[in-house]
Amino acid sequence: MTEQTAPQLNDTGERRLPAAAVSLMRLVQTALAFIGDCSLLFLQSVRDFAAGRVRLADLVQQMALVGVDSLGIVLLITAATGSVFAYYIANLSLTVGYTGFVGSGVAYAFLNELGPVLGGVAFAARVGAAIAAEIGTMAVTEQLDALRTMSVSPVQYLVAPRVMAAIIMLPLLILFADLAGVTSGYFFAGMMGVPHSTYMNSIYSFIQPIDLTDGLIKAVWFALMVGLTSCRQGIRTEGGASGVGRATTSSVVICVVLIFISDLFLTRMLTGPHLHR
Amino acid sequence: MSAIVVDNLVFEVGGRRILDGISLELETGQILSVMGGSGSGKTTLLKMMIGLLRPTSGRIVIDGEDTMQMSEKELDQARLKMGMVFQYAALLDSLSVYDNIVFGLLRHKKMERAAVDKLVKHLLEQVQLEEYVARQMPAELSGGMQKRVGLARALAMQPSFLFYDEPTSGLDPVTSLAIDQLIMQTRDAFQVTSVVVSHQISSVFRISDRIALLHKGKMCISGTPEEVKASADPDVQQFLQADNITLTHLQSEKN
Ligand SMILES: Nc1ncnc2c1ncn2[C@@H]1O[C@H](COP(=O)(O)OP(=O)(O)OP(=O)(O)O)[C@@H](O)[C@H]1O
Ligand SMILES: [Mg+2]
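Residues numbered from 1 in each chain as written. Chains lettered and ligands numbered in written order. Predicted model: local features only at pLDDT ≥ 70, side-chain atom pairs only at ≥ 80, totals over all residues. Heavy atoms only, no water.

This part takes up the pairing of strand S3 (residues 31–36) of chain B. All names here are of chain B. Burial analysis of S3 places 6 of its 6 residues in the buried class, which makes it a mostly covered element. Burial of S3 is two-sided: the residues Ile-31, Ser-33 and Met-35 facing one way and the residues Leu-32, Val-34 and Gly-36 facing the other way are all buried. Judged from the 4 bridges that link them, S3 and strand S8 (residues 193–197) form a sheet pairing that is parallel. When the sheet's bridge partners are listed, Ile-31 is paired in S8 with Ser-194. Two elements, S3 and strand S9 (residues 210–215), share 5 bridges in a ladder whose sense is parallel. By the bridge assignment for S9, Leu-32 is matched with Arg-210. (Buried < 20%, exposed > 50% of the residue type's maximum accessible area, 1.4 Å probe, protein only. Helix = DSSP H or I, 4+ residues; strand = E, 2+ residues; numbered from the N terminus. Pairing = 2+ DSSP bridges.)

All names here are of chain B. Around the magnesium ion (ligand 2), the protein contributes the donor atoms Thr-43 (OG1) and Gln-87 (OE1), which lie 1.9 to 2.2 Å from the metal centre. Within this pair, whereas Thr-43 is found in helix H1 (residues 42–49), its partner Gln-87 is found in the loop between strand S6 (82–85) and helix H3 (97–108), the two being separated by 44 residues in sequence. Among the residues examined, Thr-43 registers a relative accessible area of 22% and is labelled partly exposed. Classification of Gln-87 by relative accessible area gives buried; the value is 18%. (Donors = N, O, S within 2.8 Å, 3.2 Å for Na, K, Ca; no water.)

A few words now on the confidence of the model for chain A. Residue and element names in this part refer to chain A. Across chain A, the average pLDDT comes to 92, with 93% of residues at 70 or higher. By mean pLDDT, the top-scoring element of chain A is helix H7 (residues 209–235) (97), and the lowest-scoring one is helix H2 (residues 56–96) (94). Predicted confidence for residues 1–7 stays below pLDDT 50, and this span has 7 contacts to residues more than four positions away or in other chains. (pLDDT = per-residue confidence, 0-100. Contact = heavy atoms within 4.5 Å.)

Before going further, it helps to spend a moment on the sheet that holds strand S1 (residues 2–13) of chain B. Residue and element names in this part refer to chain B. Overall, antiparallel pairing links the 4 strands, which are arranged S2-S1-S4-S5 in an open sheet. Each edge of the sheet is formed by a strand with only one pairing partner; in this case those strands are strand S2 (16–27) and strand S5 (65–66). On the sheet, H1 packs against S1, S2 and strand S4 (57–62) and is oriented at approximately 60° with respect to S2. (Axes fitted to C-alpha atoms, helices over the stretch in contact; angles between N-to-C directions.)

This brings us to the interface of chain A and chain B. Across the boundary between the two partners, chain A contributes 16 residues, which contact 21 residues of chain B. Regarding the contact of chain A and chain B, the summed buried area is about 1,800 Å², with carbon and sulfur atoms giving 54% of it. For the chain A face of the interface with chain B, the top three residues by lost area are Thr-149, Met-150 and Ser-151 of chain A, together amounting to 34%. Taking the shortest distance from any N to any O, the salt bridge between Asp-58 of chain A and Arg-107 of chain B comes out at 3.0 Å. The tally of links between chain A and chain B comes to 9 residue pairs in polar contact (both at pLDDT 80 or more). The element contributing the most residues to the side of chain A that touches chain B is helix H4 (residues 143–149) of chain A, with 6 residues. (Buried area = accessible area lost by both parts, 1.4 Å probe. Salt bridge = Lys/Arg side-chain N within 4 Å of Asp/Glu carboxyl O. Polar contact = N/O pair within 3.5 Å; in protein donor to acceptor, adjacent residues only side chain to side chain.)

Considering all chains together, one arrives at 24 salt bridges over all chains under this definition. Among the ionic contacts, a cluster of salt bridges with common partners joins Glu-142, Asp-145 and Arg-148 of chain A together with Lys-47 of chain B.

Ranked by size, the top nonpolar core spans 43 residues in total, and within it Phe-123, Leu-147 and Leu-170 of chain A together with Phe-103 of chain B carry the most contacts. Listed by contribution, the elements that provide at least two residues to this core are helix H1 (19–50), H2, helix H3 (102–140), H4, helix H5 (154–192), H7 and helix H8 (240–271) of chain A. Ranked by residues supplied to this core, first place goes to H5 of chain A with 11 residues. Contacts of Phe-123 of chain A, omitting those with residues within four sequence positions, involve Val-66, Ser-70, Gly-128, Ala-166, Leu-170, Leu-173 and Val-226 of chain A. (Core = buried A, V, L, I, M, F, W, Y, C linked by side-chain atoms within 4.5 Å.)

The next point concerns the site of ligand 1. Residues and elements named next belong to chain B. Surrounding ligand 1, one finds 14 residues, the nearest of these being Ser-38, Gly-39, Lys-42, Thr-43 and Thr-44. A distance of 2.8 Å separates an oxygen atom of ligand 1 from a polar backbone atom of Gly-39. For ligand 1, an oxygen atom lies 3.0 Å from a polar atom in the backbone of Gly-41. Here ligand 1 loses 61% of its free accessible area of 630 Å² to cover by the protein chains. Mapped by element, the contributors of at least two residues to the shell around ligand 1 are S2 and H1. Of all the elements, H1 adds the most residues to the shell around ligand 1, at 3 residues. Each residue belonging to the shell around ligand 1 can be placed in one class, and the counts come to 2 nonpolar, 9 polar and 3 charged. (Near = heavy atom within 4 Å. Areas by Shrake-Rupley, 256 points an atom, 1.4 Å probe, with all protein chains shown as cover. Nonpolar A, V, L, I, M, F, W, Y, C, P; charged D, E, K, R; others polar.)

Here we take up the sheet that holds S8 of chain B. Residue and element names in this part refer to chain B. With mixed pairing, 6 strands are arranged side by side in an open sheet as S6-S7-S8-S3-S9-S10. Of all strands in the sheet, those bounded by a partner on one side alone are S6 and strand S10 (218–223). Taking the axes of each pair of neighbouring strands and ignoring which way they run, one obtains an average angle of 15° across the sheet. Sheet contacts for H1: S3, S6, strand S7 (161–165), S8 and S9; angle to S7, the most-contacted strand, approximately 160°.

Given 3.6 residues per turn, any residue in an α-helix points the same way as the ones three and four places further on. Listed as buried for helix H2 (residues 72–79) of chain B are Leu-75, Ala-78 and Arg-79 of chain B. Around the axis of H2 of chain B, the buried residues are gathered within 95° of arc, so they sit on the same side. Looking at H2 of chain B, the residues exposed on the side facing more than 90 degrees away from the buried face are Lys-73 and Gln-77 of chain B. Taken together, the buried residues of H2 of chain B touch H4 of chain A together with S6 of chain B. (Arc of directions from axis to C-beta.)

Below, the structure is given as structure tokens:
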């Protein structure tokens, strides 16, 4: 007889829940703890910034690290995707015999979606993982405790500068990402036989500043999530080297999931007011 | 007034009782040594005194203030007058030794570069390290050197309370002796109240004003060195004899 068909009583007399329900409850619990921690980190960071407690030197150092860390990988990914994307669109357009949408197709997709999302994922993998691993190592080697004993708040010294650096640098990176995607698309479409002037004209006639700003708003949101998630996973690290490994992996996984899910909602929220222009 | 009062302290984690009814009292400028087997809860007790861990129940009163009642912010403020030397040094590994030593200090007040240089030089000398070490990264140092940098870092802030977690374990006898003397000097010069976790019985009896012995989270005894020596408690005697026993064993094996 299985547990599902006949709930049994355990030693303490509680009714045993089916395994699925238990793991669902655990998941909800974990998610709530995660949201709670991240909100708290966010509020504390904001407060530290507002009170002028965050050192400019810490922030600048993080901005440099974050930018240098991820520029290469972001450019590589978006340039490659831009080429392939342009290749397919050009191919389709040439089949139909109308190439007037190639440039705007690539640019529209990149500014609104591919730049922020690909950039955000690359950022999570590169910067988010590095943050989680660094802070996680500090947690398991008692460096966070050491900070506390010196009356230095880990949020003020570690979290606030990292989250802010992410928020400043990711939109900048995404500007480069957009540029890399659209430019590589320009060359690939050209190689396929779409005239450069057609590509550019298409962009001029269909693309609006709001496409860029919508993408940058997404970038800010993704940066906030990557920054908070990776710091939180780092701070909560327990259990030595393997704990650091788990923190790093989970940080990347959570960031990627959050990026794609929130992208759905963000897209609807941002384009809702100005669809069918 | 007692500088540190620990009253019926209990700490539980995951249903396990790590500390069970610890009570202590320490006057200003005294050194308390905490001894006890590995896993008996010494580090946990220190971390609780400095407010890194919150007790399950009981009271810790530092300088007349109950740290249990404090908010995180008030604790931060109170910790400005406390320092801790961690069992495994816990240096910030992204910073050089120099920056590690003055990190806490420079976070809380502005200082001239020349004064900072002088201070670092002086502190390194005190913990028996050479000057060039200042430019090295923690990862380039041996465990014993890291520990002494941790000690220098704690001293830099000139706290009135110092918690040392095995400051001399892993050090050679000569350096250990020097560190013992440093602990006493620090107490004498600044009336620092110190709690030292240590396994070295000879050094414990040399430096301590009071001694406490933990056994599986409970306190077997606490008192002056004389009281501890005179105790009839078998656990206490066994602990105190351990040194001699191993020595006699070794000698008899040799013969
Ligand atoms: N984070 C933790 N979670 C669960 N148990 C812990 C934790 N930290 C310590 N303990 C337990 O608490 C007990 C006391 O640990 P503590 O580190 O205080 O011992 P100690 O006396 O300092 O030992 P040592 O001399 O080896 O440093 C140990 O049994 C340990 O298993
Ligand atoms: Mg210990």
